[in-house]
Amino acid sequence: MRCYVFPGQGTQKKGMGRSLFGRFPDLRRRADRVLGYPIEELCLENPERRLSDTAYAQPAIYVVNALHWSAAQEDLPPADFLAGHSLGEYSALFAAGAFEFETGLTLVRLRAELMSQVSGGAMAAVVGLSEQIVQETLEQHGATGVVIANYNAPEQFVLSGSREELARIKPVFEQVEGVRGFVPVRVSGPFHAPAMAPAADRFRSLLASVEVGELRTPVISNVTGRPFGADAQEVRDLLADQIARPVRWTDCIRYLRDAGVSAFTELGESKVLTSLIDRITTAMDAAPDPAPDAEAKPARQPAEEPAPDPRRALIERIKREILQPEIGDEALAFDEDASFRQLGLNSIIYVRLARRAGTVLGVPIKPDVIFQHRSCAALADHLLTRDDIAGAAAPEASPAPLHEYRDERVTALLRDCADGTLTVDRTIEAIRALA
């Protein structure tokens, strides 16, 4: 079974939708009429850096997601389920037929305006810790005004609260064993938290007059982690609740996997959700199956130490030892498949990254290598094919990764990816097909 997923706020960037506005001009014109300004200009030129403003970012993402959905209807097979992360949920509901494009865009515009009016708060991503440890740390240090706003993956959570409280507990979390980052999220308020309740209530009153149609395809709710029901009022209530309640993305993906979904396709301008889904499903696959009968439960055998993953280790080293010293803690939460362009790096930074990479790995690295392989994952895949780097790329005592592959077809695919013959996504698909 197949599920299409739509990203939310945070994935906006200058140039988004460039290849699709010309392909679907009617959708662009309809968006312009609703918004009162040229959406293509906003997305491609980002005048006055408006895409960093919630009131502009959310409508832009909704429109670009709709462009990708239009393309998917022509290019891809039908979906069995749909889901979206936070704002992306509106794209999923539009795709399922809950409302017309204009209605969804109007709702998103109003939602963005209401959310942008709530000030005085902030959000921060915590990476590397379990939910239990995050909750215990908040309780032990009296951070009662800070809550988990996004359950993005088993070890990735977003906190929401006052700027002062988040600043106070940042050094606390950075000292917790296993943490890989405490990174501020660039938003204008404490989204998906109790502080957003006034905005949620105002939005609820606006939703009361909105007609909601029958869903042609099941859509998973961020609030419940389960499909929306057939009752239109339930859909309205959950959309209002979502503003002030946490996004339970991990529960959404777990439900979909248990329902039989094996193929997830992210429609939009990023691969952020693809990375999160991989982490969630990997954790599910690694979890032991529960015994069918408690009385007959066999004695648990000591778990074997998992084999080290050289590629994963190298990606983490690129983030921590190469990117972080140059751009700060944002590197730790930066999606491994996202382009370095999103960081706004100039040519001088590429030169410095190349020098740092050479120092870390002990061999010369040209700036062109960093520039051409513009994501942590692509750079790692390239480095793992270089004989002069393979041994130094992984942590000490880890074997040279390419020599561990017994299937030469995998090695050939990785080399094709490194030299640009294949994209990273196509390479992954090909390797999975071999498996």
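Here is what the cut-offs are and how they apply
- Residues numbered from 1 in each chain as written.
- Predicted model: local features only at pLDDT ≥ 70, side-chain atom pairs only at ≥ 80, totals over all residues.
- Heavy atoms only, no water.
- Pairing = 2+ DSSP bridges.
- Helix = DSSP H or I, 4+ residues; strand = E, 2+ residues; numbered from the N terminus.
- Salt bridge = Lys/Arg side-chain N within 4 Å of Asp/Glu carboxyl O.
- Contact = heavy atoms within 4.5 Å.
- Expected span 1.5 Å × (residues − 1).
- Buried < 20%, exposed > 50% of the residue type's maximum accessible area, 1.4 Å probe, protein only.
- pLDDT = per-residue confidence, 0-100.
- Axes fitted to C-alpha atoms, helices over the stretch in contact; angles between N-to-C directions.
- Parallel < 35°, antiparallel > 145°, perpendicular 65-115°, else oblique.
- Left-handed = near helix turned anticlockwise from the far one by under 90°.
- Nonpolar A, V, L, I, M, F, W, Y, C, P; charged D, E, K, R; others polar.

### With respect to the sheet that holds strand S2 (residues 81-84)
With parallel pairing, 4 strands are arranged side by side in an open sheet as S7-S2-S1-S8. Edge positions in the open sheet fall to strand S7 (219-220) and strand S8 (263-266), since each of these has one partner strand only. Alignment of strand S1 (residues 2-6) against S2, held across 4 bridges, turns out to be parallel. In the strand pairing of S2, Cys3 is matched with Phe81.

### Describing the pattern of salt bridges
Across all of its chains, the model carries 17 salt bridges by this definition. Salt bridges here are not isolated pairs; linked through shared partners, they connect Arg204, Asp237, Asp241 and Arg245.

### Section: the environment of Arg111
By the element assignment, Arg111 lies in helix H5 (residues 101-116). Remark: the alpha-carbon pair of Arg111 and Gln58, spanning 53 residues in sequence, is separated by 8.5 Å. Apart from residues lying up to four places away in sequence, Arg111 is in contact with Gln58, Ser86, Leu87, Tyr90, His192, Phe203, Gln242 and Ile243.

### Digging into helix H11 (residues 272-286)
If you check H11, its first and last C-alpha atoms are 22 Å apart, about what 15 residues at 1.5 Å a residue would give, namely 21 Å. Of the residues making up H11, those classed as buried are Leu273, Ser275, Leu276, Ile277, Ile280 and Thr281.

### Concerning the confidence of the model for the protein
Counting all residues, the mean pLDDT for the protein is 84, and 84% of those residues have values of 70 or more. Of the regions scoring below 50 in pLDDT, residues 294-307 engages in 2 contacts with residues more than four places distant in sequence or in other chains. Contacts of residues 390-405 to residues separated by more than four positions or lying in other chains number 28 contacts, the stretch itself having pLDDT below 50.

### Quick look at the packing of helix H4 (residues 88-96) against helix H9 (residues 232-244)
Interhelical geometry of H4 versus H9 gives an angle of 160° and a closest axis separation of 11 Å. Accordingly, the angle class assigned to the pair H4 and H9 is roughly antiparallel. When the axes of H4 and H9 are compared, the crossing they make is left-handed. Residue-level inspection shows Glu89, Tyr90 and Leu93 of H4 in contact with H9, the latter providing Val235, Leu239 and Gln242. When grouped by side-chain class, the residues that make up the contact of H4 with H9 number 4 nonpolar, 1 polar and 1 charged.

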